[in-house]
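Given next are the chains, with one letter for each unit.
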Amino acid sequence: MSANDTIDPTRRDFLYVATGMAGVVGAAAVAWPFIDQMRPDASTLAASSIEVDVSSLTPGMSLTVKWRGKPVFIRNRTPEEIKSAQEVPLAELKDPVARNANLSGDAQATDIDRSAGDGKENWLVMVGVCTHLGCVPLGQQGDFGGWFCPCHGSHYDTAGRIRKGPAPENMAIPTFSFISDSTIRIG
Amino acid sequence: MKKILNGLAAFGLVMAGALGAATAAEEAHNAAEPTHFPIMKPTQEKWSFSGPFGTYDRAQLQRGLKVYKEVCSACHSMDLVAFRTLADLGYSEEQVKAFAAEYEVEDGPNADGEMFTRKAGPNDHFPSPFPNEAAAAAANGGAAPPDMSLLAKARAVERGFPTFVFDIFTQYAEGGPDYIHALLTGYDHEPPAGMEVAEGTHYNPFFIAGKSLAMAKPISDGQVTYDDGSPETVDQYSRDVSAFLMWAAEPHLEARKQTGFSVMVFVLLFGALVYLTKRKVWSNVAH
Amino acid sequence: MSGGHSTYSPTTGIGRWMDARMPLPRLIHDSFISYPVPRNLNYAYTFGGILSLMLAAQIITGIVLAMHYVSDTTLAFQSVEKIMRDVNSGWLLRYMHANGASFFFIAVYIHIMRGLYYGSYKAPRELLWILGCIIYLLMMATGFMGYVLPWGQMSFWGATVITGFFTAIPLVGDWIQQLLLGGFAVDNPTLNRFFALHYLLPFMIAGVVVLHVWALHVVGQTNPTGIEVKSKTDVVAFTPYATIKDAFGMIVFVFVFAYFIFYIPNFLGHPDNYIQANSLKTPAHIVPEWYYLPFYAILRAITFNIGPIDSKLGGVIAMFGSIAVLFFVPWLDTSKVRSAVYRPWYKLFFWLFVANAIFLGWLGSRPAEGSYVIMAQFSTFYYFAFFLIIMPVLGLIETPRRMPNSITEAVLEKNKAGASVQPAGAAASPEVKG
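This is a predicted model, so every value here is computed, not measured.

Examining the sheet that holds strand 1 (residues 50–53) of chain A
Residue and element names in this part refer to chain A.
Step number 1: Strands sit in the order 1-10-9 across an open sheet of three strands; the sheet is antiparallel. This sheet does not close on itself; its edge strands, each paired only once, are strand 1 and strand 9 (176–180). Each strand axis lies, on average, 30° off the axis of its neighbour in the sheet, ignoring direction.

Quick look at the structure:
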């Protein structure tokens, strides 16, 4: 560009910088739709609430339903199961947090806060996905009579709390509510 | 450049001559036995969603939905449209839920392996009035009523030369709504003397695929009650349902046009910068 | 790549280390920075860059659409509509891809016309031209198969008609058609293989594009004068001169492209393709995508038997012949002068050819009846006559205009005539690294 030195260099440089910047902005704007399309689409997001009829579940029976592509365990617990879960001191728990989406984030993992609450202590509703690496645990198995994940050996108790093995957290409890005595809405 | 222009001029002359001859050939047809359809071209209506800044008129879409629900949906399905998308028409979540609950959809199987019907929810699509296409055809004299989800994009009368060239610049993309409006308001025309209209069909000069169609005049004045004081005429119903069907076929039209404006402005500015840079770079080279 | 003498000299240690092991930076430097291009290229020469942009855009939008598309006859149409309605930015990506195909063809037609006008196919660029023809053929195959994927009425019936071409071949025709379709009619196996091939072919195009660019960089670009580069004053460095000019060409092209995407996205499509495929009901009037219309018109123009060849086979032969003839252009043109700028008669016939090709396209969109057929027959005749009669004969009898001695001389003459303000000194010494 030696023949071009008569042109004011600052003006020229400004032009080059402005053009380059506009190019970068344009490229970023073009990239956005390609990333945006990967997010869950409108139909996936909208399908996030289901209603489940639990009238046929007597104590000791479970039901597995699919919610957001994952299994949700709904269990009508027996009095023994409730009792054994209530008797566990909080200090013995590997994860002392309730992990209950219906409660605040720092609620403690007492049995009542893991269950459906006062008067419905027998109901346990939780996402049936091991918090280790996402396998589905087997029900009423393992060292604590709750759930046992066969993939890497995590043991959960009768309130779905992690007690032994590599999983770091209690199984998650989704947002749910009883819209009648026999119907639960999840999500 | 001048040579290119000369070339184009010569090309234009050749084209004009040939097209003139072709058009004349096309015009020569018999009024009683037309061979090209539609017999009459739809008029170009005014639509709120036309042009670079077009938007849907929410009130009109809501009226159109009412017409669809009370009239069209008796025969025409709209498989691709989910109730949740009606929020675009200005309805609240609760209103959408209530609207969906007026429909029943089949679901299942339940724990006993039986299919059952339940109230529709926002994530369900408009249920079809017939269980399958064969049933739809059987109930309608052999002609299954077309699904309406994409009707406004699937019907457009050919514009012909040179109109289609001008359409690029006027951004005419409302051939579908114009056609639907023309068809719905076109039933009152009488067939020309000597024309035979097949039994069980109804003459309509705007029908795209023949001189008559299986659908009888579907709507008449006062059939649907409007709450907002809009005229309860066939013309108004047709306009509203056409607009609604355009929304059903192209729900992201507004986003498209708005994004488009930003993109065009950016490309224009960026283009100007690049052009200045190009001039600067080439300023020391004769070319 | 440019004549073997590289000017790349890495300044950093890492640069030297890499250059000794895998000289990719040197290749890029020699091909896209120091590569010399004639100084007098006009904007018609930016379409190579525009085509690269379009190929990249089509591949990227295509891969993203394939993440949502389902190649099953019962779901294909719905999956495309799901993209249009539910997928985030899906409508934008799909309209980009659909209109992108059209704009890819607009660019390739301008690129081909540029080549025909300036004689870019003449020795030593025959192979470059033939590689381009192969790319064009692959593009047509890709575009056709892509149009089948949305599974609309035009998808289905277009596929039916086009695979029907092969039944015209004597003896083995029906067998070949069944091989293509994987059945007796267009159906699920057809859709699946078309999807697989539609995904594959663009990468084959990209491969041939590499060869095309390689061949170009061996022989160098032509220019509007058609005179070969003789001295360093005839050329400028690819970067920044050609890059910035190409960039401006691309932006103007993208502006028009964006106008179609955002304001008239369905202008170039057919309304019938918004109706789901129905194997029992043919649309009243089947037309291919606009970019095939001239060839479709040629196909339909053959309505008569030619000796033992019936009209059906004759039409198919004429249609494939109209593309095949492009491969022979380097040897059909007998003129010693390369560029149409100095060939007044060729220029006239060239523009008539362009007009004729557009007219054929319009005829292809008309019903095949009455005067349209006769006009298509005349147009088809001129199409072939341009290549098979005018090109060879005109080259022998035409008297070309006086040509300048070099590109530099041509540029200076033009600038003098145009009363340019360019200082002669600056013009004579462009900084050239190559």
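Points about the interface of chain B and chain C
Step number 1: The interface of chain B with chain C comprises 60 residues on the first partner and 54 residues on the second.
Step number 2: When the two sides are added together, the surface that chain B and chain C hide from each other amounts to roughly 5,100 Å², 69% of it contributed by carbon and sulfur.
Step number 3: When the buried surface of chain B facing chain C is broken down by residue, Arg256(B), Met264(B) and Ala286(B) rank first, second and third, together holding 12% of it.
Step number 4: Where chain B packs against chain C, one counts two salt bridges.
Step number 5: Two residues, Glu158(B) and Arg366(C), come together in a salt bridge whose shortest N-O distance is 2.1 Å.
Step number 6: Residue assignment for the side of chain B that touches chain C shows that the elements contributing at least two residues are helix 1 (2–27), helix 5 (151–154), helix 6 (163–170), helix 8 (234–249) and helix 9 (253–282) of chain B.
Step number 7: Top contributing element to the side of chain B that touches chain C by residue count: helix 9 of chain B, with 18 residues.
Step number 8: When grouped by side-chain class, the residues that make up the side of chain B that touches chain C number 36 nonpolar, 12 polar and 12 charged.

Concerning the domain arrangement of chain C
Residue and element names in this part refer to chain C.
Step number 1: Domain assignment breaks chain C into domain 1 (26–270) and domain 2 (287–397).
Step number 2: Relative to domain 2, the C-alpha centre of domain 1 lies at a distance of 22 Å.
Step number 3: Listed as interface residues are 42 residues of domain 1 and, on the opposing side, 35 residues of domain 2.
Step number 4: Both faces considered, domain 1 and domain 2 share a buried interface measuring about 3,400 Å² in area, 71% of it formed by carbon and sulfur atoms.
Step number 5: For the domain 1 face of the interface with domain 2, the top three residues by lost area are Tyr-117, Lys-122 and Phe-165, together amounting to 21%.
Step number 6: The interface formed by domain 1 and domain 2 includes two salt bridges.
Step number 7: Glu-228 serves as the salt-bridge partner of Arg-338, at 3.0 Å between the closest nitrogen and oxygen.

Remarks on helix 7 (residues 175–185) of chain B
Residues and elements named next belong to chain B.
Step number 1: The buried fraction of helix 7 is high, at 10 of 11 residues.
Step number 2: Along helix 7, the residues that are buried comprise Gly-175, Gly-176, Pro-177, Asp-178, Tyr-179, Ile-180, His-181, Ala-182, Leu-183 and Leu-184.
Step number 3: In the core, the buried residues of helix 7 are packed alongside helix 5, strand 4 (212–213) and helix 8.

Observations concerning the interface of chain B and chain A
Step number 1: Across the contact, 12 residues belong to chain B and 17 residues belong to chain A.
Step number 2: Of the roughly 1,200 Å² buried where chain B meets chain A, counting both sides, 71% is carbon and sulfur surface.
Step number 3: Interface area lost by chain B to chain A is led by Arg84(B), Leu273(B) and Lys280(B), which between them contribute 40%.
Step number 4: At the boundary of chain B and chain A, one finds zero salt bridges.
Step number 5: Our count for the contact surface shared by chain B and chain A stands at one residue pair in polar contact (both at pLDDT 80 or more).
Step number 6: Tallied by class, the residues present in the side of chain B that touches chain A amount to six nonpolar, four polar and two charged.

Some thoughts on the pairing of strand 9 of chain A
Step number 1: For strand 9 of chain A and strand 10 (residues 183–186) of chain A, the ladder comprises four bridges, and the chain directions are antiparallel. Bridging across to strand 10 of chain A, Ser180(A) finds its partner in Thr183(A).

Some details on the state of the cysteines
All names here are of chain A.
Step number 1: Tallied over the entire structure, the rule returns one disulfide over all chains.
Step number 2: Residue pairing for Cys-135: its cysteine sulfur links by disulfide to Cys-151, the two sulfurs lying 2.0 Å apart. Measuring the twist about the S-S bond at about -100°, one finds the Cys-135-Cys-151 disulfide to be left-handed. Here Cys-151 lies in the loop between strand 6 (147–149) and strand 7 (154–156) and Cys-135 lies in the loop between strand 4 (123–127) and strand 5 (138–139), a separation of 16 residues in the sequence.
Step number 3: Given a relative accessible area of 38%, Cys-151 falls into the partly exposed group.
Step number 4: Cysteine Cys-130 shares no disulfide, and the gap to the nearest cysteine sulfur, in Cys-149, comes to 3.8 Å.
Step number 5: Looking at Cys-130, the relative accessible area reads 4%, which means it is buried.

Things to note about the nonpolar core
Considering soluble globular proteins, one finds that nonpolar side chains tend to be buried as a cluster.
Step number 1: Residues Phe126(B), Leu116(C), Tyr136(C) and Phe387(C) are the most contacted members of the largest nonpolar core, which totals 185 residues.
Step number 2: A total of 15 residues in this core trace back to one element, the largest contributor, which is helix 5 (residues 90–117) of chain C.
Step number 3: Residues within four places of Phe126(B) in sequence aside, it is in contact with Leu65(B), Tyr68(B), Met78(B), Asp79(B), Val81(B), Phe83(B), Leu86(B), Phe99(B) and Tyr103(B).
Step number 4: The next biggest cluster of nonpolar side chains, apart from the first, holds 26 residues, and it includes Val54(A), Phe73(A), Cys149(A) and Tyr156(A).

A closer look at the side chain of Asp272(C)
Step number 1: The topology assignment puts Asp272(C) in the loop between helix 10 (238–263) and helix 11 (293–301).
Step number 2: It is Arg155(B) that comes nearest to the buried, bridge-free Asp272(C) among opposite-charge side chains, at 5.6 Å.
Step number 3: Those residues within four positions of Asp272(C) in sequence are excluded, and the remaining contacts are Ala154(B), Gln153(C), Met154(C) and Pro283(C).

Re the environment of Leu299(C)
Residue and element names in this part refer to chain C.
Step number 1: Secondary-structure assignment places Leu-299 in helix 11.
Step number 2: Residues Leu-299 and Phe-165, spaced 134 residues apart in sequence, show a C-alpha to C-alpha distance of 9.5 Å.
Step number 3: Apart from residues lying up to four places away in sequence, Leu-299 is in contact with Phe-165, Gly-315, Val-316 and Met-319.

With respect to the UniProt feature "transmembrane region" (unreviewed entry) in chain B
Step number 1: Mapped onto the present numbering, the UniProt feature "transmembrane region" (unreviewed entry) falls on residues 259–277 of chain B.
Step number 2: Along residues 259–277 of chain B one finds 100% helix and 0% strand; the C-alpha atoms at either end are 27 Å apart.

Topic: the sheet that holds strand 7 of chain A
Residue and element names in this part refer to chain A.
Step number 1: Across the sheet, which stays open at both edges, the four strands sit in the order 5-6-7-8 with antiparallel pairing between neighbours. At either end of the open sheet lies a strand with only one pairing partner, and these are strand 5 and strand 8 (162–164).
Step number 2: Inspection of the sheet shows strand 6 paired to strand 7 by three bridges, in the antiparallel sense. What sits directly across from Trp-147, in strand 7, is Tyr-156.

Remarks on the pattern of salt bridges
Step number 1: Scanning the entire structure with this criterion turns up 37 salt bridges over all chains.
Step number 2: Of the charged contacts in the structure, one is a salt bridge between Arg99(A) and Glu169(A), with a shortest N-O distance of 3.7 Å. Pair noted here: Arg99(A) is in the loop between helix 3 (79–86) and helix 4 (111–114) and Glu169(A) is in the loop between strand 8 and strand 9, with a separation of 70 residues, a long-range link.
Step number 3: Note on Arg99(A): relative accessible area 31%, which makes it partly exposed.
Step number 4: Residue Asp167(B) is joined to Arg159(B) by a salt bridge in which the shortest nitrogen-to-oxygen separation is 2.7 Å.
Step number 5: When its relative accessible area of 26% is taken as the criterion, Arg159(B) is described as partly exposed.
Step number 6: Through salt bridges with shared partners, a single network forms among Glu92(A), Asp157(A), Arg161(A) and Arg163(A).

Focus: the UniProt feature "binding site: heme b b566" (unreviewed entry) in chain C
Residues and elements named next belong to chain C.
Step number 1: Mapped onto the present numbering, the UniProt feature "binding site: heme b b566" (unreviewed entry) falls at His-111 and His-212. The annotated residues occupy 102 residues of the chain but converge on a single region, no pair of C-alpha atoms lying more than 13.2 Å apart.
Step number 2: The residue His-111 is located in helix 5 in this model.
Step number 3: Excluding its chain neighbours within four sequence positions, the residues that come into contact with His-111 are Phe-47, Gly-48, Leu-51 and His-212.
Step number 4: For His-212, a relative accessible area of 18% gives the class buried.
Step number 5: When near neighbours in sequence (up to four residues on either side) are disregarded, His-212 contacts His-111, Leu-128, Leu-131, Gly-132 and Ile-135.
Step number 6: Within the structure, the side chain of His-212 is placed 3.5 Å from the backbone nitrogen of Gly-132, a separation counted as a polar contact.

Analysis parameters
Throughout this document, residue positions are counted from 1 along each chain, in the order its sequence is written. Each chain is given a letter, starting from A, and each ligand a number, starting from 1, according to the order in which they appear as written. Selection of residues for local features in this predicted model requires a pLDDT of at least 70, selection of side-chain atom pairs for listing and counting requires 80 or more, and totals for whole chains, interfaces and linings are taken over all residues. Hydrogens and water molecules were not included; the side-chain quantities draw on all heavy atoms of the structure. Strands qualify as paired when DSSP identifies two bridges or more between them. Only DSSP runs of H or I with at least four residues qualify as helices, and only runs of E with at least two residues qualify as strands; both kinds are numbered from the N terminus onward. Note on geometry: axes are lines fitted to C-alpha atoms, helical ones only across the stretch in contact, with angles between N-to-C directions running from 0 to 180 degrees. Between two residues, a contact is recorded if the distance between any of their heavy atoms is within 4.5 Å. Summed over both partners, the accessible area lost on bringing two parts together, with a 1.4 Å probe, is the buried area. Between Lys or Arg on one side and Asp or Glu on the other, a salt bridge is scored when a side-chain nitrogen of the former is within 4 Å of a carboxyl oxygen of the latter. Residues are grouped as follows: nonpolar covers Ala, Val, Leu, Ile, Met, Phe, Trp, Tyr, Cys and Pro; charged covers Asp, Glu, Lys and Arg; every other residue, Gly included, is treated as polar. Where each domain begins and ends follows an automated or database-derived domain assignment. The rule is simple: take the accessible area with a 1.4 Å probe, protein chains only, and divide by the maximum for that residue type; under 20% is buried, over 50% is exposed, in between is partly exposed. Pairs of N or O atoms within 3.5 Å make up the polar contacts considered here, provided that, within protein, one atom can donate a hydrogen while the other can accept it, and that residues adjacent in sequence are counted only when both atoms are side-chain atoms. Cysteine sulfur atoms are paired as a disulfide whenever they fall within 2.5 Å. By nonpolar core is meant a set of buried Ala, Val, Leu, Ile, Met, Phe, Trp, Tyr and Cys residues that side-chain atoms within 4.5 Å join together. Charge assignment: positive for Lys and Arg, negative for Asp and Glu; neither His nor the chain ends contribute. UniProt positions are given in the numbering used here, feature names are shortened, and annotations may be inferred rather than shown by experiment.

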